[in-house]
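The chain contents come next:
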Amino acid sequence: MKTQLICLTLGVVLGSCGGSEKQASHSTVADTTVVKVVKDSLSVYLPDVKASLPEAQTVEVKDDPVFFKAKSYKAIPLQTVLDQFLPAYKKLDLSQTQIVFECEDGYNPSMSLAKILSKKAYLAVSDTDAPAGEDWINPKKGNHEMKIAPFYVVYTDVPAKDVTYKWPYNLVKISLSAASKELAVLFPKEDDTQVKGFELFKVNCLTCHSLNKVGGKMGPELNYPKSITEYWQVEHIKQFVKAPSSYRNDCKMPAVTHLSDRELDEIVRYLQYMAKHKV
Ligand code: HEC
């Protein structure tokens, strides 16, 4: 559990600690009890605690952004999960704390703990429409079957189009980290005209891509050692983001269609700034 505590203190939970951390919690489980694993750190490896989760209730989601329709799930309020497994969160400054989700496929979204707790967020444990004997239905995205198990975070009061709320599926771990420190590495301190681009990148790209080794691991790092802006033409970065599968067969990056050209320009400009601020 040392790794997790160190990550937390430095606030570098995203990306850089993810992989080894997962290893650490797996190996720790063998020589200690689950309860100890949970109490000792501000992260919880969900498959380890599955049997002791409180009873799930049925919740209705009007507009599910993963299934693109109304859904219902067996789910536990996220707050109840935190109360039980990460009770120390109550002593933190919620507005300065990030909740970080770690998914098996490398998707690593995070958001403000205060923001997520202001809505009706749930940890879904099964899909009520799943066939008998199964917990989940896996939707198709292009040729890929998406794996929703083992857990999925849903909301009953957040519209699907609000991309500032994350709906991680294939979720295995929840951690808490200090917001300001984690983002300090990526914040454009020397040029405040880049703040918009930074915010847009943070919400729309950082979940899957790291910069300076901070961020998600589903897609490639985009700044270190070479920035994407140093070997791709700007126009192609924008076109790729809008339609990745027009560049690559069987591409695992989903098309980003909700950003305007101007917003994509802001993101690219921020990436060019970061090219001059490598670690
Ligand atoms: C859901 C995860 C996800 C999100 C969100 C995402 N990407 Fe990606 N991205 C990927 C994956 C996966 C790849 C690798 C695609 C492949 O080659 O199959 C990729 C590839 C790329 C590449 C090509 C990199 C290279 O050298 O091959 C660029 C550029 C890129 N993404 C930019 C962005 C930007 C900018 C955003 C935000 C507007 C973004 N991506 C959002 C997952 C994501």
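Right above here is the structure, for reference.
Parameters at a glance
Residues numbered from 1 in each chain as written. Predicted model: local features only at pLDDT ≥ 70, side-chain atom pairs only at ≥ 80, totals over all residues. Heavy atoms only, no water. Donors = N, O, S within 2.8 Å, 3.2 Å for Na, K, Ca; no water. Buried < 20%, exposed > 50% of the residue type's maximum accessible area, 1.4 Å probe, protein only. Pairing = 2+ DSSP bridges. Helix = DSSP H or I, 4+ residues; strand = E, 2+ residues; numbered from the N terminus. Axes fitted to C-alpha atoms, helices over the stretch in contact; angles between N-to-C directions. Phe/Tyr/Trp six-rings, centres within 6.5 Å; stacked < 30°, edge-to-face > 60°. Contact = heavy atoms within 4.5 Å.

Visitor: What exactly am I supposed to notice about the coordination of the iron atom of the ligand here?
Guide: Metal coordination angles in their ideal form are 109.5 degrees for the four-donor tetrahedron and 90 or 180 degrees for the six-donor octahedron. Note on the iron atom of the ligand: its protein donors are His-209 (NE2) and Met-253 (SD). The metal-donor distances range over 2.0 to 2.1 Å. Note on His-209: relative accessible area 12%, which makes it buried. You can call Met-253 partly exposed: its relative accessible area is 24%.

Visitor: Explain the sheet that holds strand β10 (residues 171-178) here, please?
Guide: Paired through backbone hydrogen bonds, the strands of a sheet run either parallel or antiparallel to each other. The strand order β1-β10-β4-β5 describes an open sheet built from 4 strands, whose pairing is antiparallel. With partners counted over all chains shown, the strands left at the sheet margins are β1 (43-45) and β5 (110-112), one partner each. Put simply, the sheet's adjacent strands are angled 15° from each other on average, direction ignored. Relative to β10, β1 runs antiparallel, the two being bridged by 3 bridges. Each residue of the ladder has a partner; that of Ser-43, found in β10, is Ser-175.

Visitor: Quick question: what am I supposed to make of the packing of aromatic side chains here?
Guide: Describing an aromatic ring pair means giving the distance of the ring centres and the angle of the ring planes. Taken as a whole, this structure holds 13 aromatic pairs when the rule is applied. Seen from their ring centres, Trp-136 and Tyr-152 are 6.5 Å apart, and the 65° between their planes marks the pair as edge-to-face. With Trp-136 in the loop between β6 (121-127) and β7 (140-141) and Tyr-152 in strand β9 (residues 152-155), this pair connects stretches of sequence that are 16 residues apart. Between Tyr-270 and Tyr-273, the ring centres sit 6.5 Å apart and the planes meet at 20°, which makes this aromatic pair stacked. Here Tyr-273 and Tyr-270 lie together in helix α11 (residues 261-275), a separation of 3 residues that amounts to about one turn. By relative accessible area, which is 7% here, Tyr-273 ends up buried. Put simply, the rings of Tyr-73, Trp-136, Tyr-152, Tyr-155, Tyr-165, Trp-167 and Tyr-169 pair up and form one aromatic cluster.

Visitor: Would you mind going over the environment of Ile-174 with me for this structure?
Guide: Here Ile-174 lies in strand β10. When the C-alpha positions of Ile-174 and Ser-110 are compared, they lie 9.5 Å apart, and in sequence the two are 64 residues distant. Not counting chain neighbours up to four residues away, the residues in contact with Ile-174 comprise Leu-42, Ser-43, Val-44, Leu-46, Leu-78, Leu-82, Leu-86, Ile-99, Val-100 and Phe-101.

Visitor: Sorry if this is basic, but what is going on with the sheet that holds β9 here?
Guide: Ordered by their spatial adjacency, 4 strands build an open sheet running β2-β3-β6-β9, and the pairing between neighbours is antiparallel. With partners counted over all chains shown, the strands left at the sheet margins are β2 (57-64) and β9, one partner each. Direction aside, the axes of adjacent strands within the sheet are offset by 55° on average. Sheet topology note: the β2/strand β3 (residues 69-77) ladder contains 6 bridges and is antiparallel. By the bridge assignment for β3, Glu-60 is matched with Ser-72. Across the sheet, helix α5 (residues 78-85) touches β3 and β6, and the angle it forms with β3 is around 25°.

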